[in-house]
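Survey of secondary and tertiary structure
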Amino acid sequence: MTPEPARTGAALLDELHAALTRYVILPSPHALDAVVLWTAASHAQLAWAHAPRLVIRAPEKRCGKSRLLDVVEATCHDPFLTVNASPAAVYRSITEDPPTMLVDEADTIFGPNADGNEDLRGLLNAGHQRNRPAKRYDAATNRVESIPTFAMAALAGIGTMPDTIEDRAVVIRMRRRAPGEKVAPYRHRRDRPALLTLAERIAGWLRADLAHLERAEPPMPIEDRAADTWEPLIIVADHAGGDWPDRARQAALTLIAESQGDNEGTLRTRLLIDCRTIFGDQSEIPSAELIRQLNAEPEAPWRDYGAHGLTQAKLSRLLAEFDIRSGNVRFPDGSQAKGYRRTDFADAWNRYCPPPEGKPSQPSQASQPRSARDALTLWDASRRPSTPETDEATRPDSAGERETGKQPADPPWDASKRPTEPKRPSLTSNGTLGTAGTATPSTTERGAA
């Protein structure tokens, strides 16, 4: 028999689900479930090792961002709503039992004209994980203070947020209501009291079981930082029971896939994907030919990458971050020219790029229990030191030759003569592109936070 708390939890989530649909039209059922679970999880922040962000973004005004934030404000834990608060005020508002930060017009914090918000941006980045305090010197006491940063945060704005924020967030892409889509008007005095009562009931349900929630190690369909971000939501869904555990995991997979499809990652990740397309089944390619094809793609950003498009020197600098470097390549016809080998890209393609179209990705494996994940030491390939002998991008003579075009003429390119090399096996599919996992602090460390 299903225990009574599980039935009560599922019913409470259903009520919150109904409240959201009354006032806001979300872009998909999965987005709606994610907002329900995120809002409920805010009431149990004391149990979480990570504080997921909720990014509510839209391409234009009047897409329902602020209205959704209104409903979240009424139903989340201890809301701290701000549009233009000073960093000092925000820092001092975060306690051991943190409020839920709600930031409207967040594009003013991260946009091109956002000056003087470095402290607030640092807080939003660091506060995703426990035990990341800000350090400040107090001249009055002649001491260094540790100021807590850990708190869940929802940010609403126009356009995308920085990668460092969205990489730690459940991303909801709002849309303007279509003709025929109707919602009830939200009135603060009339509607908020009922939502506050619902919030108190959700808090009573979750806060009665904080010890159980803290020990939970749910099977996760995703890995690394995505698992860190979604774990509190899936724990809440498992604790509620009903069909919420399946809905939570499907929401995680769907929204992460949408995020990866909408944003192929950084510019460097886009470059890796485009290079893979150009390589096709070839084993090597001259640098000049790779540049020509990159700049010839009309919908790619490369032809606008500088006054003359992407050059060989700029390409070298971008690829050097992945330890990919050009060299003298000898082709089957006996000619030799500067170029790239497929084997140089294989590791980066496996780590940072989604599978090519038409090739199914490997199914994500369930996350390891927290105790096992904590013992892992993850290797960050992007931090391998380079040496002057091997880093072609750092040699002025090579860079100058590539920039000015003073290099051996490339032979006629015949792709049919290139032998095909065996491919490396794919790695396990991760939830986010190029994101290393973060270790979860132990219960003892959390208590000390």
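Here is a short report on the structure shown in this document. Given the structure is predicted, the values throughout are model-derived calculations rather than measurements. (Residues numbered from 1 in each chain as written. Predicted model: local features only at pLDDT ≥ 70, side-chain atom pairs only at ≥ 80, totals over all residues. Heavy atoms only, no water.)

Taken as a class, soluble globular proteins show a tendency for nonpolar side chains to be buried jointly. Ranked by size, the top nonpolar core spans 66 residues in total, and within it Leu-13, Trp-48, Leu-68, Ile-172, Met-174, Trp-230 and Val-236 carry the most contacts. Judged by nonpolar contacts, the second largest core, of 24 residues, contains Leu-290, Leu-294, Phe-345 and Cys-353. (Core = buried A, V, L, I, M, F, W, Y, C linked by side-chain atoms within 4.5 Å. Buried < 20%, exposed > 50% of the residue type's maximum accessible area, 1.4 Å probe, protein only.)

Within the chain, Asp-78 stands out as a residue other than glycine whose phi angle is a positive 40°. Relative accessible area serves as the criterion here: at 42%, Asp-78 is assigned to the partly exposed category. With a phi close to 55°, Glu-105 is a non-glycine residue in the positive phi region. Residue position: Glu-105 is located in the loop between β3 (100–103) and α5 (107–110). What makes Glu-105 partly exposed here is its relative accessible area of 43%. (Helix = DSSP H or I, 4+ residues; strand = E, 2+ residues; numbered from the N terminus.)

Reading across the sheet, the five strands line up as β2-β3-β6-β1-β7 and stay open at both edges, with parallel pairing between neighbours. Since the sheet does not close on itself, it has two edges, and those belong to β2 (79–82) and β7 (169–173), each with one partner. This sheet shows a mean twist of 15° between the axes of neighbouring strands, independent of strand direction. Inspection of the sheet shows β2 paired to β3 by four bridges, in the parallel sense. Across the sheet, residue Phe-80 finds its bridge partner in β3, namely Met-101. Strands in contact with helix α2 (residues 29–41) are β1 (53–58), β3, β6 (153–158) and β7; relative to β7, the strand with the most contacts, it is inclined by about 135°. (Pairing = 2+ DSSP bridges. Axes fitted to C-alpha atoms, helices over the stretch in contact; angles between N-to-C directions. Contact = heavy atoms within 4.5 Å.)

What the rule picks out here adds up to 16 salt bridges. The salt bridge involving Asp-167 is made with Arg-225; its shortest N-O contact spans 2.8 Å. Here Asp-167, found in the loop between α7 (163–166) and β7, pairs with Arg-225, found in helix α10 (residues 224–240); they are 58 residues apart in sequence, far enough to count as distant. Assessed through its relative accessible area of 14%, Arg-225 is described here as buried. For Arg-190, the salt bridge is made with Asp-191, and the minimal N-O distance between the two is 2.9 Å. Among the residues examined, Arg-190 registers a relative accessible area of 52% and is labelled exposed. A residue is classified by how much of its surface remains accessible, and Asp-191, at 9% relative accessible area, is buried. (Salt bridge = Lys/Arg side-chain N within 4 Å of Asp/Glu carboxyl O.)

Below, the discussion takes up the packing of aromatic side chains. On inspection of all chains with the given rule, the structure shows six aromatic pairs. Note on Phe-322 and Tyr-352: the rings are 5.0 Å apart at their centroids and 70° apart in plane angle, and the pair reads as edge-to-face. Highlighted residues: Phe-322 in the loop between α14 (312–320) and β9 (327–330) and Tyr-352 in helix α15 (residues 342–352), separated in sequence by 30 residues. Residue Tyr-352 is classed as buried on the basis of its relative accessible area, which comes to 14%. Taken together, the ring pairs in this structure connect Phe-279, Tyr-340, Phe-345 and Trp-349 into an aromatic cluster. Between Arg-130 and the ring centre of Phe-150, over which it is positioned, the NZ or CZ distance is 4.1 Å. (Phe/Tyr/Trp six-rings, centres within 6.5 Å; stacked < 30°, edge-to-face > 60°. Lys NZ or Arg CZ within 6 Å of the ring centre and 35° of its normal.)

Our focus in this paragraph is helix α6 (residues 118–126). Among the residues of α6, those classed as buried are Leu-120, Leu-123 and Leu-124. Burial along α6 is one-sided: seen end-on, the buried residues are contained in an arc of 95°. (Arc of directions from axis to C-beta.)

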